[in-house]
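Letter by letter, the chains look like this.
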Amino acid sequence: MPAFQEVANAVLLALLILLPFALGTMLSGRSRGNRRVLKWARRLSITTVLLAIAYDVTGAVCLILAEPAPGHEPWTDPSAVVDYPTFFLPIGVGAFLAALGVLIAAIRARHRLG
């Protein structure tokens, strides 16, 4: 496994770990009316949004670079693109949308507290 694949997997793992923590802190802060917990929820969701954007943009760039140049035969052998890591773009988009929802909910909850 190339080193880049390990980095891509670590970022994906961080996305999937940060989302439940952001959701849990947002729900806890909203139910207890604790502004500090809502601030942590906001920070966690912003971090998750930024990681999801970086993951998706990097995956899209690797997909563009992996395509053969115009005029060349399209590659039919999957092992021809072993230099680039495998990205799961739908998971990155889903994590982005979920983190954006948590961020909006945390901002609204903090706004309602005053």
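Conventions and cut-offs
- Residues numbered from 1 in each chain as written.
- Predicted model: local features only at pLDDT ≥ 70, side-chain atom pairs only at ≥ 80, totals over all residues.
- Heavy atoms only, no water.
- Helix = DSSP H or I, 4+ residues; strand = E, 2+ residues; numbered from the N terminus.
- Buried < 20%, exposed > 50% of the residue type's maximum accessible area, 1.4 Å probe, protein only.
- Polar contact = N/O pair within 3.5 Å; in protein donor to acceptor, adjacent residues only side chain to side chain.
- Contact = heavy atoms within 4.5 Å.
- Expected span 1.5 Å × (residues − 1).
- Axes fitted to C-alpha atoms, helices over the stretch in contact; angles between N-to-C directions.
- Parallel < 35°, antiparallel > 145°, perpendicular 65-115°, else oblique.
- Left-handed = near helix turned anticlockwise from the far one by under 90°.
- Nonpolar A, V, L, I, M, F, W, Y, C, P; charged D, E, K, R; others polar.
- Core = buried A, V, L, I, M, F, W, Y, C linked by side-chain atoms within 4.5 Å.

Trainee: How would you explain the side chain of threonine 48 if you had to name every residue and give the values?
Mentor: The topology assignment puts threonine 48 in helix 2 (residues 35–66). Threonine 48 gets classed as buried once you look at its relative accessible area, which sits at 0%. A distance of 2.8 Å separates the side chain of threonine 48 from the backbone oxygen of leucine 44, its partner in a polar contact. Ignoring anything within four residues of it in the chain, the contact list for threonine 48 reads Leu15, Leu18, Leu19, Ala95 and Ala99.

Trainee: Summarise helix 3 (residues 89–113); cite the residues concerned and give the values.
Mentor: Given 3.6 residues to a turn, an α-helix orients residues that are three or four positions apart in the same direction. With 25 residues, helix 3 extends 36 Å between its outermost C-alpha atoms, agreeing within 8% with the 36 Å of an ideal straight helix rising 1.5 Å per residue. Listing the buried residues of helix 3 in full gives Gly92, Ala95, Ala99, Val102, Leu103, Ala106 and Ala109. Residues of helix 3 that are buried sit in contact with helix 1 (3–32) and helix 2. Glycine 114 sits one or two residues past helix 3 and shows a positive phi near 100°.

Trainee: Residue-level account of the packing of helix 1 against helix 3, with values.
Mentor: Where helix 1 contacts helix 3, the axes come no closer than 10 Å and their chain directions differ by 20°. With respect to helix 3, the element helix 1 is oriented roughly parallel. Crossing angle aside, the handedness with which helix 1 passes helix 3 is left-handed. Where helix 1 abuts helix 3, its residues Leu12, Leu15, Leu16, Leu19, Ala22, Leu23, Met26 and Arg30 lie against Ile91, Ala95, Ala98, Ala99, Val102, Ala105, Ala106 and Ala109. Here the contact of helix 1 with helix 3 is built from residues that sort into 15 nonpolar, no polar and one charged.

Trainee: Residue-level account of the nonpolar core, with values.
Mentor: Judged by nonpolar contacts, Ala8, Leu12, Leu15, Leu19, Val49, Ala52, Tyr55, Cys62, Phe87, Ala95 and Ala99 together constitute the single largest core of eleven residues. Among the elements of the structure, helix 1, helix 2 and helix 3 are those that each provide at least two residues to this core. Sequence-distant contacts of alanine 52, that is, excluding residues within four places in its chain, are made with Leu15, Gly92, Ala95 and Phe96. By size, the runner-up hydrophobic cluster in this structure holds seven residues, among which are Ala22, Met26, Val102 and Ala106.

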